[in-house]
Amino acid sequence: MNVSIFPLVSKWFLTRTRSAKRIISVCFDFFGILLALWLAFCLRFSEIYYPPLEQLWIFLLSPVIAIPIFIRFGLYRAIVRYIGINALGTIFKAVALYILIFSVIVLISGERAGLVPRTVYGIDALILLLFIGGSRLIARWWFANEQQNLNFDGRRLRFIPPVLIYGAGGAGIQLAAALNAGHQQRVVAFIDDDIHLQNQSINGLTAYPFSKLKQLIEKYQVRDVLLAMPSISRNRRNEIIRQLEPFPVHVKTLPDLGDLAEGKITVSDIQEVDIADILGREAVDPIDALLHSNITGKVVMITGAGGSIGSELCRQVAKLKPTALVLFELNEFSLYAIEKELQQYDSTLPIITLLGSVQDQQRLEKVCQQFNVTTIYHAAAYKHVPLVEKNIIEGVRNNIFGTLSCAKAAMNSGVETFVLISTDKAVRPTNTMGATKRFAELILQALAEEKQLNQRTRFTMVRFGNVLDSSGSVVPLFREQIANGGPVTVTDPRIIRYFMTIPEAAELVIQAGAMGQGGDVFVLDMGEPVQILDLAKRMIHLSGFIEQDGNTPDGDIEIIFTGLRPGEKLYEELLIGENVLLTEHQKIMRAQEKVIGWQQLSLILEQLEHATIHNDFSQIREIMFSYVDGFEPQCGIEDWLV
C-alpha cells in the first residue's frame, strides 16, 4: 500500500460515527482472534498449520467467546486516541478470562476438538495480548500524529501555538496528552524542578530544568506556560509564579483533573493564574465545631444574599446542612442567580428567596417570625466608597438605619445570633462608607449591652479588608483593562491594601460568629498588605505582556495614575486601638474598642435620622466627627451630592 493512502484512511476513520468505529473495531478483533489462534498452532507445530475439518468449530468458537468478554470489559467504549497504561491491564484481564473459558470448553470436548496441545492456549494468550494491546497503542500513535497534520478538510492545520508545561508529573503528562490530541496547543517541552526528571524523555517530550526556560522560549517562540502542579502549596506556587514574571510569557494554570481524564481539555478550559496564588496566602483549616455551631439544624437568613460576600456565605451555609436558608436581597437578578445556583447544588434544601429592603423593619420581623430564623448574617450594605461619598443620604439610610432595623427585628423575633459583616474602612475612616459601617458596629455593641432591650440575641461584628474578585475590586478591573490592551489605571503608586479570597473570608466570618458572646468585634488576620502598583505589574507580566514605562518605551501596556478617588485612603487598618486578644482560631482576633451606651446612642441616632430626612449634610458630618473615632474626611460637604 502506498504511504500516501494512510492520511486518507485516517481521515475516513476519524470522520465515522462512534457506533461505526465500534463495529470496525469488533470486526478487526474478530479476525485478529482467529489469526492469533492459527498462529499459536503454527508456532506449536513449527509449520504452516492446516486445521482438519473436525477442528474448524474451535476457530469459530474463539471469537464467539472472546468478543462478548471484550465488550463486557469495555474495550469498545475506550477512545483509542486517549488510551493509556490502565487500558492494558483491562486487556490482560479480558484475554486471561477468554483463554480460561476457551481452554475449559475445548478440554471438556475431548476427541471432538482433535489434537490441541495445552501449550497452544498459552501461546494464543500471548499473541492475542500483543495483538489486541499492540494494535490499540499503534492506532493511538497513528491517529494522534495524523490529527496533528490534517484537518477534516484535508488541508494542513493552521499554526498551532507552542506551549511549555511547568510540572512533568502525572498531571503534566495528562495535560500534554490532552492538548496534543486536541491540536489546539502544541506542547514542546516540560519544565520541572525534580532533578530525577530533568533531561529525561517523557512521552516523547524532554523535561528541562528552570535554567533552560529562556533558551526554550527563544527556540520555540513560546508565549504560554501552563502550571501543572495541583498538589503543591500556595506559597510554593507563588514562588514559581514570581520566577516566571520576568519572562514574556502568559502564565496559566491547570483546569479540573476530571476533565483531563475524559479528554475534554481545550484552550478555553485552561484558567488564568489565580490571584490568590500570586499573593501566596495559605488558608488555615477551619474548626468544624465553629462552622456548624450556628448553622447545622437551624434556620439561617442572609441579607444581601446576592452580593460577593453574601452569595459565598449562601454557598458555604448550604453545605453545612441548615434546616432552611432564607435569602433576603434587594436586587432581583442577583437573588434569582444565587437561588438557581443553590438549587443545582442541593435540591432538597428548603430555600426561601425574598425581595426587600433591610430598612423595612416590619417586613424583616415578619420574615424572622414566620420562618423561625435562628441565625442572621447581615451582609447587605453599600460598600463602594466613591458612590457612597456621592450618595451620603442613601449610605446612611442603608448602612446605619438598615443595620438598626435588622438588629431590632432580630431582637423582637428572638433570633439567637446576629453577625454583621463589617470592613477595615470602619477604622479611622476617611470616607462616608467607613463611617457608616463604624456606626453600624456601635449600634450592635450598644444593643448587646442593653439587657433590658435585648434578652436573647448575641450580636457579633466581623471586620476584614478587601476580598479578591469582589464587585468593585481592582482585580477584575485590571483583568479587563489588560484584555483591552491597557492602559491599567492605579490611583496612587503608594496605595496598599489587604486581600483575602472570598471563600476564606466567608469561612472565617462563620467561625467568628460562633465565638461571639455579645458585642464582640472580631478582626480577621489579612496577612501582609499588597501594593496595588506591584499587583498591577505582576498581572501584566503574567498575562504575557511587558509594562510600558521610561525604561521600556516599546512595552505593551502602560500604567497610569489617576489620583485617589473621593474618600479613598492610601492604606487601611483593622484596629482602632492596640487592645486586641487572640482567640482559639489563629486567623481571628477579638478587638477591645470604645462602646457608646444605648441611651446616649439612641439620642444620637434620632439626631442623625432628623438630619437625613432634611438633607442636612452639615449635621450628618458633625455627628460623624463627634462619635466615629478618627474620622478624617477627605471630601468637603460640597462633594456630597444627594
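See the structure shown above.
What you see is a predicted model, and the numbers here were worked out from it, not measured in a lab.

Engineer: Can you help me understand the sheet that holds strand β8 (residues 299-303) in this one?
Structural biologist: In a beta sheet, neighbouring strands are held together by backbone hydrogen bonds and run either parallel or antiparallel to one another. Judged by pairing direction, the sheet is mixed, and its 9 strands sit side by side in the order β10-β9-β8-β11-β12-β13-β18-β23-β22 without closing on themselves. Each edge of the open sheet is held by one strand with a lone partner, namely β10 (351-355) and β22 (580-582). Within the sheet, the average angular offset between the axes of one strand and its neighbour, ignoring direction, is 25°. One ladder, built from 5 bridges, connects β8 with strand β9 (residues 324-329); its direction is parallel. Residue pairing across strands places Thr303 opposite Phe328, the latter belonging to β9. Strand contacts of helix α17 (residues 432-449): β12 (417-421), β13 (458-463) and β18 (520-524), with the helix running at about 150° to β13, the strand carrying the most contacts.

Engineer: Looking at this structure, how should I read the packing of α17 against helix α21 (residues 598-613)?
Structural biologist: Any two packed helices are characterised by how steeply their axes cross, that is the angle between the axes, and by the distance between the axes. Closest axis-to-axis distance for the α17/α21 pair is 9 Å, and the angle between their directions is 140°. Both α17 and α21 take part in a crossing whose hand is left-handed. Across the interface between the two elements, Phe439, Leu442, Ile443, Ala446 and Leu447 from α17 touch Trp598, Leu601, Ile604 and Leu605 from α21.

Engineer: What am I meant to see in the pairing of strand β1 (residues 162-166) here?
Structural biologist: On a regular strand, each side chain points to the face opposite its neighbour's, so the side chains alternate between the two faces of the sheet. In terms of burial, β1 is largely enclosed, as 5 of its 5 residues are buried. By the alternation rule, side chains of β1 split into Pro162, Leu164 and Tyr166 and Val163 and Ile165, which are all buried. Across 5 bridges, the pairing between β1 and strand β2 (residues 186-191) is parallel. Following the sheet pairing, Ile165 is matched in β2 by Phe190. Bridge count between β1 and strand β5 (residues 224-227): 4 bridges; the pairing is parallel. Within the sheet, the bridge partner assigned to Leu164 lies in β5 and is Val225.

Engineer: It is not clear to me how unusual backbone geometry should be interpreted in this structure. Could you clarify?
Structural biologist: Leaving glycine out, the prevailing phi sign among residues is negative, and the prevailing peptide bond configuration is trans. Positioned with a positive phi, Ser46 is a non-glycine residue whose angle comes to about 55°. Along the chain, Ser46 falls in the loop between α2 (18-45) and α3 (56-72). Classification of Ser46 as exposed rests on a relative accessible area of 68%. Its identity is not glycine, yet Arg428 carries a phi of approximately 40°, on the positive side. Along the chain, Arg428 falls in the loop between β12 and α17.

Parameters at a glance
- Residues numbered from 1 in each chain as written.
- Predicted model: local features only at pLDDT ≥ 70, side-chain atom pairs only at ≥ 80, totals over all residues.
- Heavy atoms only, no water.
- Pairing = 2+ DSSP bridges.
- Helix = DSSP H or I, 4+ residues; strand = E, 2+ residues; numbered from the N terminus.
- Axes fitted to C-alpha atoms, helices over the stretch in contact; angles between N-to-C directions.
- Contact = heavy atoms within 4.5 Å.
- Left-handed = near helix turned anticlockwise from the far one by under 90°.
- Buried < 20%, exposed > 50% of the residue type's maximum accessible area, 1.4 Å probe, protein only.

Everything listed is a geometric property; what it means functionally is a separate question.
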